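# Report on the structure
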Amino acid sequence: MCDIEYLSFKQVDPEDLMAVVNEDSLRVHLVNHPHFNATSIQTWIEDKIETDAMQGCRVRVVYIGGALAGWCGIQPDDCGFEIAIVISQRFWGSGIPIFKTLMLWASELGHKEVLFHLLGSRREYKALAKMATKVHRTQLLDRNFTTYYLSVGQQNA
């Protein structure tokens, strides 16, 4: 497994990040939104920097083996806080160690529970379901999701 680094959004080249978050193979699993351009990616990055500064939040750009892989974080959700992992298809398979890091961060930040919304395009994960205190279908931004409610501090994935 290559080293995984988590850097501030202030440290990423917007053009490099735009190339990753505009990948069609990745966008299939995200809420619908227009492709990013030079202006919209900068606005989005600034939004992530503001989110990172909020109490209870931590969002980072992910580098795997020195290459930009995507981003992850803990951010506000209508029901509390959610974890997000958004990485290039090239790095799929690295989600478990990123997930474990997010759960450690959630504990450090004092969360008792976090939500993990996976778009309906993703299969249901038995391991996540076993960890979850509750799993149900939700609808966000006109898309169907499977939402896993995860107790913080009890994850041994």
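Treat the numbers as computed from the prediction; the structure is a model and nothing was measured.

Rules behind the numbers
- Residues numbered from 1 in each chain as written.
- Predicted model: local features only at pLDDT ≥ 70, side-chain atom pairs only at ≥ 80, totals over all residues.
- Heavy atoms only, no water.
- Helix = DSSP H or I, 4+ residues; strand = E, 2+ residues; numbered from the N terminus.
- Buried < 20%, exposed > 50% of the residue type's maximum accessible area, 1.4 Å probe, protein only.
- Contact = heavy atoms within 4.5 Å.
- Areas by Shrake-Rupley, 256 points an atom, 1.4 Å probe, with all protein chains shown as cover.
- Pairing = 2+ DSSP bridges.
- Salt bridge = Lys/Arg side-chain N within 4 Å of Asp/Glu carboxyl O.

## Comments concerning the overall build of the protein chain
In terms of helices and strands, the protein chain carries five helices and seven strands. In sequence order, the protein chain lays out its α and β elements as β-α-α-α-β-β-β-α-β-α-β-β. Considering the protein chain as a whole, with its 157 residues, one finds that 45% of them fall into the buried category. Taking the intrachain contacts of the protein chain between residues at least 6 apart in sequence as the baseline, contacts between residues at least 24 apart amount to 58%. Of the roughly 8600 Å² that the protein chain leaves accessible, carbon and sulfur atoms contribute 49%.

## A word on the pairing of strand β3 (residues 67-77)
On any regular strand, side chains alternate: one points to one face of the sheet, the next to the other face. Burial analysis of β3 places 10 of its 11 residues in the buried class, which makes it a mostly covered element. Between strand β2 (residues 58-64) and β3, which pair antiparallel in sequence order, lie two residues; one of them, G65, sits at a positive phi of approximately 60°. Examined bridge by bridge, β3 and strand β4 (residues 80-87) share eight bridges and lie antiparallel to one another. When the bridges of β4 are listed, P76 appears paired with F81. Turn length for the β3-β4 hairpin, with the two strands adjacent in sequence and antiparallel, is two residues.

## Some points on the environment of G70
Structurally, the position occupied by G70 is in strand β3. For G70 and V21, which are 49 residues apart along the polypeptide, the C-alpha to C-alpha distance reads 7.0 Å. What G70 contacts, discounting residues up to four positions off in sequence, is L17, V20, V61, V62, V86 and I87.

## Focus on the pattern of salt bridges
Summed over the entire model, instances satisfying the criterion amount to two salt bridges. Here D52 makes a salt bridge to R60, at a shortest N to O gap of 2.5 Å. Ionic pairing is found between R58 and E108, a salt bridge with its closest N-O pair at 2.9 Å. Taken together, the residues span a long stretch of sequence, with R58 in strand β2 and E108 in helix α4 (residues 95-108) at a distance of 50 residues.

These results come straight from atomic positions and should not be treated as a statement about function.
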